[in-house]
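# Understanding the architecture of this molecule
Letter by letter, the chains look like this.
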Amino acid sequence: MDRIIRCITADGALMASAIDSSDTVYTAQSLHGLSATASAALGRLLTGASMMGAMLKQEHASLTLRVDGGGPLGVLTAISDSRGNVRGCVDNPEAEVPKKPNGKLDVGAAVGQDGRLGVIRSYGTGEPYMGQVALVSGEIAEDLTNYYAVSEQIPTVCALGVLVDSDTKKVMLAGGLLIQVLPGALPEDIEKLEANVQKLEPVTTMLAKGMTVEQMCEKALEGFTVEKLDEMPVHYACTCSREKYYAALATLEPDELETLPAQDGKVETVCPYCCRKYYFTTEELHALARQVRARRAEADR
């Protein structure tokens, strides 16, 4: 099971989250049939969403990240609950682009840089908070860092990594670090953090060395006294159900319900996040159409 922790420095200057999301990203790759670069791109977005979602205080809150960079992958979406459990999808999961000259996956080229990162926080009541910024690189971590700086004025360090086996194209490791400067930070705290970040190894390198998420945080916050606030198991989790799809169908026009394409007397719906299929018979849909007409007729009286 993957794990996320949140820490704070004893002087209240810095807050940090670290996650090992290897199983989560591998599950996403398996569900969606992701190419190597799509795995890295969506994996980074899922990892970032998990850490950001776990920062929400309300139990039924959720966070959605949406990246539309105009690249071959199309739109990428990741949704996290307040416990860091995530789900996500990408328009073109099999899309692939050439590697960078150094042999690394070119996530920025696959995502594209001509577009925006959207962030939606829903707290279960009232209107959700929505913010968006222009993409700076399409590499995800830099874009999340820029979002916090521009939209929320919070100095942030974000490091995300997904390691894909060069032969099998399977996800081997994934993880992330998210460090934020709190209002009480002194200039020397920021200088110390910047010095640490300069010598910090990539997240997947630290994981490959067997480092725990606690050790990753301690490395990033070297020179500070670190207190762990909490930890939680996280995994790829979809919230879809047949009932939810039935409720969604009930929002369609009655004529649409009666003319949905059916095969062997059934209409198929597919969840974009977990690829689970739900079937509704034409009899069910015709009955639902009658109910919708009856409700509307009653409302018009």
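These remarks concern the structure in this document. (Residues numbered from 1 in each chain as written. Predicted model: local features only at pLDDT ≥ 70, side-chain atom pairs only at ≥ 80, totals over all residues. Heavy atoms only, no water.)

In terms of helices and strands, the chain carries 10 helices and 12 strands. C-alpha atoms of the chain, sized along the principal axes, occupy 70 × 45 × 35 Å. Taking as baseline every contact in the chain between residues at least 6 positions apart, the subset at least 24 positions apart corresponds to 65%. About 14800 Å² of surface is accessible on the chain, with carbon and sulfur atoms providing 52% of the total. Of the side chains in the chain, 29 bear a positive and 41 a negative charge, and the two mean positions are spaced by 3 Å. (Helix = DSSP H or I, 4+ residues; strand = E, 2+ residues; numbered from the N terminus. Contact = heavy atoms within 4.5 Å. Areas by Shrake-Rupley, 256 points an atom, 1.4 Å probe, with all protein chains shown as cover. Lys, Arg positive; Asp, Glu negative; His and termini not counted. Charge placed at Lys NZ, Arg CZ, Asp CG, Glu CD.)

If you check helix 5 (residues 187–198), its first and last C-alpha atoms are 17 Å apart, about what 12 residues at 1.5 Å a residue would give, namely 16 Å. Asp189, Leu193 and Asn196 are the residues of helix 5 that are buried. In a view along the axis of helix 5, the buried residues occupy a sector of 60 degrees, so they form one face of it. Facing away from the buried side of helix 5, by more than 90 degrees, are the exposed residues Pro187, Glu191 and Gln198. Contacts made by the buried residues of helix 5 are with strand 2 (14–20), strand 8 (156–164), strand 9 (171–181) and helix 7 (213–220). (Expected span 1.5 Å × (residues − 1). Buried < 20%, exposed > 50% of the residue type's maximum accessible area, 1.4 Å probe, protein only. Arc of directions from axis to C-beta.)

Pairing in this open sheet of 5 strands is antiparallel, and the strands run 5-4-3-6-7 from one edge to the other. The sheet is open, and its two edges are formed by strand 5 (86–90) and strand 7 (129–134), each paired on a single side. Strand-to-strand, the axes of this sheet are offset by a mean angle of 10 degrees, without reference to chain direction. Where strand 3 (residues 62–68) and strand 6 (residues 116–122) come together, 7 bridges link them in antiparallel fashion. For Arg66, the partnering residue across the bridge sits in strand 6 and is Gly118. Sitting on the sheet, helix 4 (residues 141–151) touches strand 3, strand 6 and strand 7, and the angle it makes with strand 7 is about 115 degrees. (Pairing = 2+ DSSP bridges. Axes fitted to C-alpha atoms, helices over the stretch in contact; angles between N-to-C directions.)

This part is about the pattern of salt bridges. Any two side chains of opposite charge can pair, given that their charged atoms come close. As enumerated under the stated definition, the model contains 15 salt bridges in all. Here Arg6 and Asp230 are joined by a salt bridge, their closest N and O atoms 2.9 Å apart. Placement of the pair is Arg6 in strand 1 (residues 2–9) and Asp230 in strand 10 (residues 226–234), with a sequence separation of 224 residues. A salt bridge links Glu231 to Lys228; its shortest N-O distance comes to 2.7 Å. A residue is classified by how much of its surface remains accessible, and Glu231, at 39% relative accessible area, is partly exposed. A network of salt bridges, in which partner residues are shared, links Arg3, Glu214, Lys228 and Glu231. (Salt bridge = Lys/Arg side-chain N within 4 Å of Asp/Glu carboxyl O.)

With that settled, consider the side chain of Ser21. Residue position: Ser21 is located in the loop between strand 2 and helix 1 (22–32). In contact with Ser21, not counting residues within four places along its chain, are Asp2, Thr47, Ala174 and Gly175.

Moving on, we get to the nonpolar core. Counting residues in each nonpolar core, the largest one holds 67 residues, and the members touching the most others are Leu73 and Leu76. Those residues in contact with Leu76 that lie beyond four places of it in its chain are Ala41, Leu42, Leu45, Leu65, Arg66, Val67, Cys89, Val90 and Val111. Residues Ile5, Leu177, Val181 and Met216 belong to the second largest nonpolar core, which totals 22 residues. (Core = buried A, V, L, I, M, F, W, Y, C linked by side-chain atoms within 4.5 Å.)

Turning to the packing of helix 1 against helix 2 (residues 36–53), a few remarks are in order. Look at helix 1 against helix 2: their axes get within 9 Å of each other, and the N-to-C directions meet at 130 degrees. With respect to helix 2, the element helix 1 is oriented oblique. When the axes of helix 1 and helix 2 are compared, the crossing they make is right-handed. Only Ser39, Leu42, Gly43, Leu46 and Thr47 of helix 2 make contact with helix 1, whose side of the interface consists of Val25, Ala28, Gln29 and His32. Per-class residue counts for the contact of helix 1 with helix 2 are 4 nonpolar, 5 polar and no charged. (Parallel < 35°, antiparallel > 145°, perpendicular 65-115°, else oblique. Left-handed = near helix turned anticlockwise from the far one by under 90°. Nonpolar A, V, L, I, M, F, W, Y, C, P; charged D, E, K, R; others polar.)

Moving on to the pairing of strand 7. Strand direction decides the pairing type here: strand 6 and strand 7, joined by 6 bridges, are antiparallel. If you follow Leu117 over to strand 7, its bridge partner there is Val133. Taken together, strand 6 and the strand that follows it, strand 7, pair antiparallel across an intervening segment of 6 residues, in which Gly124 is found at a positive phi of about 90 degrees.

With that settled, the discussion passes to the sheet that holds strand 9. Where strands meet in a sheet, backbone hydrogen bonds hold them as pairs that are either parallel or antiparallel. Spatial ordering of the open sheet is given by 8-9-2-1-10, a layout of 5 strands whose pairing is antiparallel. Unpaired on one side and paired on the other, strand 8 and strand 10 mark the two borders of the sheet. With direction set aside, neighbouring strand axes in the sheet form an average angle of 10 degrees. Where strand 8 lies against strand 9, 9 bridges are found, and the strand directions are antiparallel. When the bridges of strand 9 are listed, Ala159 appears paired with Leu177. Taken strand by strand, helix 1 contacts strand 1, strand 2, strand 8, strand 9 and strand 10, and its axis lies near 125 degrees from that of strand 9.

Before going further, it helps to examine helix 10 (residues 282–300). Here helix 10 spans 27 Å end to end across 19 residues, near enough to the 27 Å set by a 1.5 Å rise per residue. In this structure, the buried residues of helix 10 make contact with helix 8 (242–249), helix 9 (254–259), strand 11 (266–270) and strand 12 (277–281).

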